[in-house]
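Listed here are the chains, written in short residue letters.
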Amino acid sequence: QMTLLQLNRHLDDNHQNLVEEEQDEVKTWFKVQMTKAKKFQPLAVLNQKLKGLDVFESNDAPITPLQSAPAPSGAAAPEPAPIARRDPDEEVTRAHWQRPAYRDVCADPTCGRPITASQMALGGNSAAVNCRGCGKLFCEEHTMYQMKLSRQAKHDPVRGYWCRVCETCYKSRDGYNDHQGLARNHFDEFASTRRKRVDRAYMEVSRLEKRLTKLTQLLANPPPPDDSTSSAFWPLSNAKAHRKALEQTVIAWEEDAKIANCPFCQQEFTSYTFRRHHCRMCGRVVCGDPKTGCSSEVGFNVAAGSDSEKAAGQINIDIRMCQDCKHTLFSKSDFSKELNARPKDQRSYENLAQFERGIRLLLPRFQKLLLALQDPDKPPSPQQLSDATKVRKRLMDAFTQFDSAAKRIRDLPTESPTQKKLQKAVYQQAYNFLSLHMLPLRSLPKVLKHAVPHGAKANGRPNGGGALASIKFNSLEAGSAVSSSSAVSAMEAEEKELRERLIVLEEQKFMVSEMVANATKHRRFDEVSSLAQNVEDLNREIDQINGQLGQLDFASAYNGEIASMPG
């Protein structure tokens, strides 16, 4: 029994009705076993006794005598072969062993126990032992490994001798850390097998392509029909028979009477309702049912005219093919087209990424131009003003296109909830990009308002005129107009640029208002507050431009120009 409880139950069930003699026998046996168990020595005492025994693999090998004739049946059995004892220390080289010194320690990094030459002679737990593999000195506890070494102290699992080694040599031998077993490379076999199949497929494609080329050339440039077999009463039937004869010159057709069912859909042919058709590439009899698609007509545009003559144009030719030939001919090209085809959402996202790259390239340049315009010690040059105006106009156009591309991605029709979620995430990222990079441009009018060189006022207007007005109102012509001799032309140019600037601000206000509505809808109240402040700044700037438009006095300018005229 495995446990004492099982033994008690066994005794109670099977041995409770025994006679007294048998009961005494069982009790006696049980007492004897208990006495033996009490006399059993503990494991520590057994370990001390086993230390003197040889616990390693033995290098003893029987001496195999020369094979002799078998002994007769009545003869005595031969004596066992003697045992040849081989000492590995005598067979394996010791040239690499570490010589013992006065204060040696165990070479195992986790031990460091001191070992001396006297302990090597006397034995014990700290006796110094040379690893037969690396030759270093270790204590006896860290050389309890064994592996086969050659005469040069190298790992040789076949012809080597069992030698005592350290843990490092034992675990670093070849094959110790191989957990996946033997590996064989089957690539060459697979490649040879696949090469045969691919070559066969290429050969089939080449054969069908040659047939198709020959057939299209015959149908595009047919030879003249034989007048002896033609009929003047049925010209259409003659043309049909002539084409059939040309098609049969490319590949022999199967006989209709031998084929009763379609080889693909297994439908039975009839004389009128379910007719037979022939594949022009392989000649098999197939059906023309559009539901099963066993065969279909494929259209080609072929150049009319012979090779020596100039082509007269393109003609359309329909050739019937079975589904196998069609797949063989066009599967590779169809696969290439699918790889090169890009879905609509991918194209839209690429356009969005392109607009973003353009904006990121323009923003550092625009910020650099703004810093140059704000320098109070150096007035801005006309070239800087021109560059700043162009860059800001390009930035505003790029922001508008970026916003349109993001909305186009958001509004793409789809039935997949995952695709819809992806489109919303792309739009949200674009919205964050606009909020981060476009809205700081609202501070440009405030910066340019104080960017008049040397604090001067142009033409007596507090808002500043001349070249700085050209940047503030997004124009190049205003600066040159102010410096011209005609005040009327300058005022007309300034009014034009103010109107254009007003249109741009209105568009910005509309876009920011949509952002406010979207943020309110999604309960992003921290964004709503900042966007509302942007709307107020835009309204303030729009009112300012409207005030400037109202201050333009064209009547006085016209009167001054008339008064300055001679006569």
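Residues numbered from 1 in each chain as written. Predicted model: local features only at pLDDT ≥ 70, side-chain atom pairs only at ≥ 80, totals over all residues. Heavy atoms only, no water.

Caption draft 1: Just the pattern of salt bridges, in detail. This model, assessed by the stated rule, comprises 17 salt bridges. Put simply, Glu350 and Arg342 hold a salt bridge, and the shortest N to O gap is 2.2 Å. For Glu514, the salt bridge is made with Lys407, and the minimal N-O distance between the two is 2.5 Å. Taken as a pair, Glu514 in helix 16 (residues 487–521) and Lys407 in helix 11 (residues 382–410) lie far apart in primary sequence, 107 residues in all. One continuous salt-bridge network, built from bridges that share partners, spans Arg243, Glu247 and Arg280. (Salt bridge = Lys/Arg side-chain N within 4 Å of Asp/Glu carboxyl O. Helix = DSSP H or I, 4+ residues; strand = E, 2+ residues; numbered from the N terminus.)

Caption draft 2: Looking closely at the pairing of strand 8 (residues 161–165). Covered by surrounding structure in strand 8 are Tyr161, Cys163 and Val165 only, the residues Trp162 and Arg164 on the alternate face being uncovered. Bridge analysis of strand 7 (residues 145–149) against strand 8 gives five bridges, and the strand direction is antiparallel. Counterpart to Leu149 in the pairing with strand 8 is Tyr161. (Buried < 20%, exposed > 50% of the residue type's maximum accessible area, 1.4 Å probe, protein only. Pairing = 2+ DSSP bridges.)

Caption draft 3: Structural context of helix 10 (residues 344–373). Relative to the 44 Å expected for 30 residues at 1.5 Å per residue, helix 10 spans 43 Å between its end C-alpha atoms, a close match to the ideal helical length. Listed in full, the buried residues belonging to helix 10 are Ser348, Leu352, Ile359, Leu362, Leu363, Phe366, Leu369, Leu370 and Leu373. (Expected span 1.5 Å × (residues − 1).)

Caption draft 4: The arrangement of the packing of aromatic side chains in detail. Applying the stated criterion across every chain, the model contains five aromatic pairs. Pairing Tyr170 with Tyr176 gives two aromatic rings, centres 5.7 Å apart and planes at 65 degrees, and the pair type is edge-to-face. Through pairs of rings, three or more aromatic residues link up here, namely Tyr145, Tyr170 and Tyr176. For the cation-ring pair, Arg173 lies above Tyr170, with the distance from its terminal atom to the ring centre recorded as 4.3 Å. Over the aromatic face of Tyr427 sits the side chain of Arg410, whose NZ or CZ is 4.5 Å from the ring centroid. (Phe/Tyr/Trp six-rings, centres within 6.5 Å; stacked < 30°, edge-to-face > 60°. Lys NZ or Arg CZ within 6 Å of the ring centre and 35° of its normal.)

Caption draft 5: Spatial organisation of unusual backbone geometry. Positive phi values are uncommon outside glycine, yet Ala153 reaches one of about 65 degrees. Here Ala153 lies in the loop between strand 7 and strand 8. Judged by its relative accessible area of 10%, Ala153 is buried.

Caption draft 6: Quick peek at the packing of helix 10 against helix 12 (residues 417–437). Running from amino to carboxyl end, helix 10 crosses helix 12 at an angle of 15 degrees, the nearest separation of the two axes being 12 Å. One finds that helix 10 runs roughly parallel with respect to helix 12. Helix-helix and strand crossings are classified by hand; for helix 10 and helix 12 the assignment is left-handed. Residues Asp345, Tyr349, Leu352, Glu356, Ile359, Arg360 and Leu363 of helix 10 pack against Gln419, Val426, Ala430, Phe433 and His437 of helix 12. In terms of residue class, the contact of helix 10 with helix 12 is built from seven nonpolar, two polar and three charged. (Axes fitted to C-alpha atoms, helices over the stretch in contact; angles between N-to-C directions. Parallel < 35°, antiparallel > 145°, perpendicular 65-115°, else oblique. Left-handed = near helix turned anticlockwise from the far one by under 90°. Contact = heavy atoms within 4.5 Å. Nonpolar A, V, L, I, M, F, W, Y, C, P; charged D, E, K, R; others polar.)

Caption draft 7: Local environment of a nonpolar patch on the surface. On the surface, Leu4, Trp29, Phe30 and Met34 cluster together into a nonpolar patch covering about 440 Å² of accessible area. The greatest single-element share of the nonpolar patch, amounting to three residues, is contributed by helix 2 (residues 20–39). Along the chain, Met34 turns up in helix 2. The class for Met34 is partly exposed, based on a relative accessible area of 41%. (Patch = residues over 30% accessible without salt bridge, like charges linked within 9 Å, V, L, I, M, F, W, Y side chains within 5 Å. Areas by Shrake-Rupley, 256 points an atom, 1.4 Å probe, with all protein chains shown as cover.)

Caption draft 8: Spotlight on helix 12. Between the first and last C-alpha of helix 12 there are 30 Å, a value that for 21 residues agrees with the 30 Å anticipated at 1.5 Å per step. Taken together, the buried positions of helix 12 are Gln423, Val426, Tyr427, Ala430, Tyr431, Phe433, Leu434 and His437. Along the long axis of helix 12, the arc covered by the buried residues comes to 160 degrees, so they all point the same way. Residues of helix 12 that are exposed and point over 90 degrees away from its buried face: Pro417, Thr418, Lys421, Lys424, Gln429 and Leu436. (Arc of directions from axis to C-beta.)

Caption draft 9: View of the packing of helix 11 against helix 12. Look at helix 11 against helix 12: their axes get within 8 Å of each other, and the N-to-C directions meet at 160 degrees. With respect to each other, helix 11 and helix 12 are oriented roughly antiparallel. At the point where helix 11 passes helix 12, the crossing takes the left-handed sense. Within the contact between the two elements, helix 11 uses Phe399, Phe402, Asp403, Ala406, Lys407, Ile409 and Arg410 and helix 12 uses Lys420, Gln423, Val426, Tyr427, Ala430, Phe433, Leu434 and His437. Classifying every residue of the contact of helix 11 with helix 12 gives nine nonpolar, two polar and four charged.

Caption draft 10: Structural detail: the nonpolar core. Of all hydrophobic cores here, the largest spans 39 residues; its most connected members are Leu352, Ile359, Leu395, Phe402 and Leu531. Among the secondary structure elements, those contributing two or more residues to this core are helix 10, helix 11, helix 12, helix 16 and helix 17 (525–551). Here this core gets ten residues from one element, more than from any other, and that element is helix 11. When neighbours within four sequence positions are excluded, Leu352 is seen to be in contact with Phe402, Ala405, Ala406, Ile409, Val426 and Ala430. Leu208, Ala220, Met281 and Phe300 belong to the second-largest nonpolar core, a separate cluster that totals 19 residues. (Core = buried A, V, L, I, M, F, W, Y, C linked by side-chain atoms within 4.5 Å.)

Caption draft 11: Broad picture of the confidence of the model for the protein chain. On average, the protein chain scores 76 in pLDDT, and the residues at 70 or more come to 74%. In the predicted structure, residues 63–69 sits below a pLDDT of 50 and forms four contacts with residues beyond four places in sequence or in another chain. Low confidence marks residues 119–123, where pLDDT is under 50. Its contacts with residues over four positions away, or in another chain, come to seven contacts. (pLDDT = per-residue confidence, 0-100.)

Caption draft 12: The environment of Glu297, seen in detail. In this structure, Glu297 sits in strand 11 (residues 295–304). Considering only alpha carbons, one finds Glu297 and Ile319, 22 residues apart in sequence, at a separation of 5.2 Å. With residues near it in sequence (within four places) discarded, Glu297 still touches Asp318, Ile319 and Arg320.

Caption draft 13: Fine view of the environment of Ala398. Within the secondary structure layout, Ala398 lies in helix 11. Using a relative accessible area of 11% as the deciding quantity, one classes Ala398 as buried. The spatial distance from the C-alpha of Ala398 to the C-alpha of Gly358 is 7.5 Å, given a sequence separation of 40 residues.

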